[in-house]
Amino acid sequence: MGKIMILSRNRYILPAIRDDLKHKMVFVGGPRQIGKTTMALHLLGANSNKLPNTYLNWDIAAHRQAILRNELPQGKILVFDEIHKFARWRSLMKGFYDQYSSTRSALVTGSARLDHYRKGGDSLIGRYHYYRLHPYSLRELSTKPTATDLEQLLVFGGFPEPLASNSQRSWRRWQRERMARVVYDDLRDLEKVAELSFIELLIEALPTRIGSPLSLQAIREELQVSHDSIRRWLQILENLYVCFRIAPFGAPRIRAVKKEQKLYFWDWSQAPSGGPRFENFIAAQLLKYCHYIEDSEGYSMELRFLRDTDGREVDFVVVQDKAPLFAVECKTGERGVSKAARYFRERTKIPRFYQVHLGKRDFGDEYSDVRVIPVWRWINELKLP
C-alpha cells in the first residue's frame with residue numbers, strides 16, 4: 001500500500017468559518033484528535049511548534065489561569081480550545097462577544113457537543129455559528145482520488161494521525177489510546193458516570209451491531225445492566241462524537257418501521273472489515289455532507305434509512321427540510337440492482353436512487369431507476385465534502 005500524501009491543514013469548513021468570523025463567534029465541535037486544534041492554528045497562521053498568544057487551551061494551566069483572571073491577550077481572533085470544560089464558559093463567551101463583537105471574534109473548539117453541554121451562564125443564541133468537523137474524506141485528500149486513497153481510508157479511517165502513519169501497528173495503538181482518553185478524560189470531565197468500565201464494554205460491543213437494527217434489549221442482556229443505563233450511555237457517546245444513530249424514513253406508501261435505529265461510528269475503522277466497514281464509511285460520508293450543508297447553509301438536514309415491516313431495506317436516505325433528496329444502497333461487489341432498492345424506487349417519491357460499490361461498473365439511471373456506480377465516482381459527482 002502506497003504512502004498517503006501529506007494531509008492538508010486547510011480543512012473543508014475553513015472558508016465558511018473565515019466568513020462567519022467577520023460577524024459572529026464560531027464554535028467547532030468534533031471527535032477527539034480529529035484536527036480541531038491544527039485547523040485553528042492554521043487559521044491563526046501558526047503551527048503546533050510555536051503556539052501564538054491568541055490561542056488559549058483550557059487543558060494548559062497557564063492558559064486556564066489567564067482565562068479565569070480574564071487576562072485575555074489582544075488579537076482580532078482568539079481561539080478557545082476545550083473551554084467547554086469550564087463550568088461558566090458560556091457566560092465568559094457571552095461577555096466576550098458583548099464587549100468585543102465590533103472589533104474581535106472568537107473561535108471555540110471542543111471534543112464534545114458545544115451545543116449540548118450548556119453548563120450554566122446566559123444563552124449564547126444569536127452570538128455564534130456552530131460547525132462539526134468530520135474525518136478526512138476522498139475529496140479532501142485529492143480532487144482526483146485513486147483506488148489507493150480509498151483503500152487507505154477504509155483501512156485506517158479518516159482521522160489525521162493513523163491515516164498519515166500508514167501503519168497497522170500505529171493504527172492499533174492509536175485506537176486504544178484514543179478511546180481510553182475519551183472514556184477516562186473527556187467523559188469523566190463532562191459527565192457524572194461511575195461505571196466507566198461498563199462504558200468501555202459498551203464501546204467494545206457496538207461494532208458488531210453496525211448496519212443492523214439496534215437492539216438496546218440485547219445490549220442490556222449482554223452487559224447485565226438496566227435499559228435506562230444503556231440509553232444514557234449511548235447518548236453520552238453520541239455527545240462525545242464516538243458514534244451516531246439514524247432513524248427510519250417513513251415514506252407514506254410503504255409499511256415503514258417506526259422505532260428501529262441503526263448505529264455507526266465517526267471513526268469507521270472501528271467497524272469490522274468488509275461490508276460493515278464500507279457501510280459505516282458511506283454513513284460517515286453522508287453525515288458529513290448533511291452537517292456541512294446544515295452548518296454552512298442553514299438547511300435542516302437528516303440522515304435516515306428505509307426499512308419496511310417485511311425486512312426490505314435501503315441503507316440511507318438524505319433528507320433536506322423534510323423532503324428526501326436521494327437514497328443510497330451500499331454493496332461491496334459489482335452486483336445487479338438490489339430488489340429492495342427497486343421496490344422502494346417504485347413506491348416512494350425519493351427522486352434519486354444510487355447503489356454504490358467498490359468496483360468499476362457504472363450503469364443505470366438514478367432518476368428513472370437505480371444508478372449502480374463506483375463509490376469514488378458517486379462522491380465526485382455529488383461533490384460530497
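Everything quoted here is computed from the prediction, not taken from an experiment.

Colleague: What should I look at first to understand the overall build of the chain in this one?
Modeller: For the chain, the helix and strand inventory stands at 14 helices and twelve strands. The C-alpha radius of gyration of the chain comes to 21 Å, within 12% of the 21 Å expected for a compact globule of 385 residues. With the C-alpha coordinates aligned to their principal axes, the bounding extent of the chain is approximately 65 × 50 × 45 Å. Burial status across the chain gives 56% buried among its 385 residues. Look at the contacts in the chain between residues 6 or more apart in sequence, and 64% of them connect residues 24 or more apart. When the 61 positive and 45 negative side-chain charges of the chain are each reduced to one mean point, those points stand 2 Å apart.

Colleague: Where do I start with the sheet that holds strand 6 (residues 243–248) in this structure?
Modeller: Strands belonging to one sheet form pairs held by backbone hydrogen bonds; the direction of such a pair is parallel or antiparallel. The mixed open sheet is built from seven strands, whose spatial order is 7-6-8-9-10-11-12. A strand with exactly one partner marks an edge of an open sheet, and here the two such strands are strand 7 (262–265) and strand 12 (371–374). Averaged over all adjacent pairs, the angle separating strand axes in this sheet is 35°, with direction ignored. Along the sheet face, helix 11 (residues 227–239) touches strand 6 and strand 7 and points at about 110° away from the line of strand 6.

Colleague: Help me out: how do you make sense of the sheet that holds strand 5 (residues 128–132) in this one?
Modeller: Read from one edge to the other, the open sheet built from five strands follows the order 2-3-4-1-5, with strand pairing classed as parallel. On the outer flanks of this sheet lie strand 2 (55–57) and strand 5, each paired with one strand and no other. Across the sheet, the axes of successive neighbouring strands diverge by a mean angle of 15°, strand direction being ignored. Bridge analysis of strand 1 (residues 25–29) against strand 5 gives five bridges, and the strand direction is parallel. Counterpart to Phe 27 in the pairing with strand 5 is Tyr 130. Across the sheet, helix 2 (residues 36–43) is in contact with strand 1, strand 2, strand 3 (77–81) and strand 4 (105–110); its angle to strand 4 comes to roughly 160°.

Scoring rules and cut-offs
Residues numbered from 1 in each chain as written. Predicted model: local features only at pLDDT ≥ 70, side-chain atom pairs only at ≥ 80, totals over all residues. Heavy atoms only, no water. Helix = DSSP H or I, 4+ residues; strand = E, 2+ residues; numbered from the N terminus. Rg over C-alpha atoms; globule rule 2.2 N^0.38 Å. Buried < 20%, exposed > 50% of the residue type's maximum accessible area, 1.4 Å probe, protein only. Contact = heavy atoms within 4.5 Å. Lys, Arg positive; Asp, Glu negative; His and termini not counted. Charge placed at Lys NZ, Arg CZ, Asp CG, Glu CD. Pairing = 2+ DSSP bridges. Axes fitted to C-alpha atoms, helices over the stretch in contact; angles between N-to-C directions.

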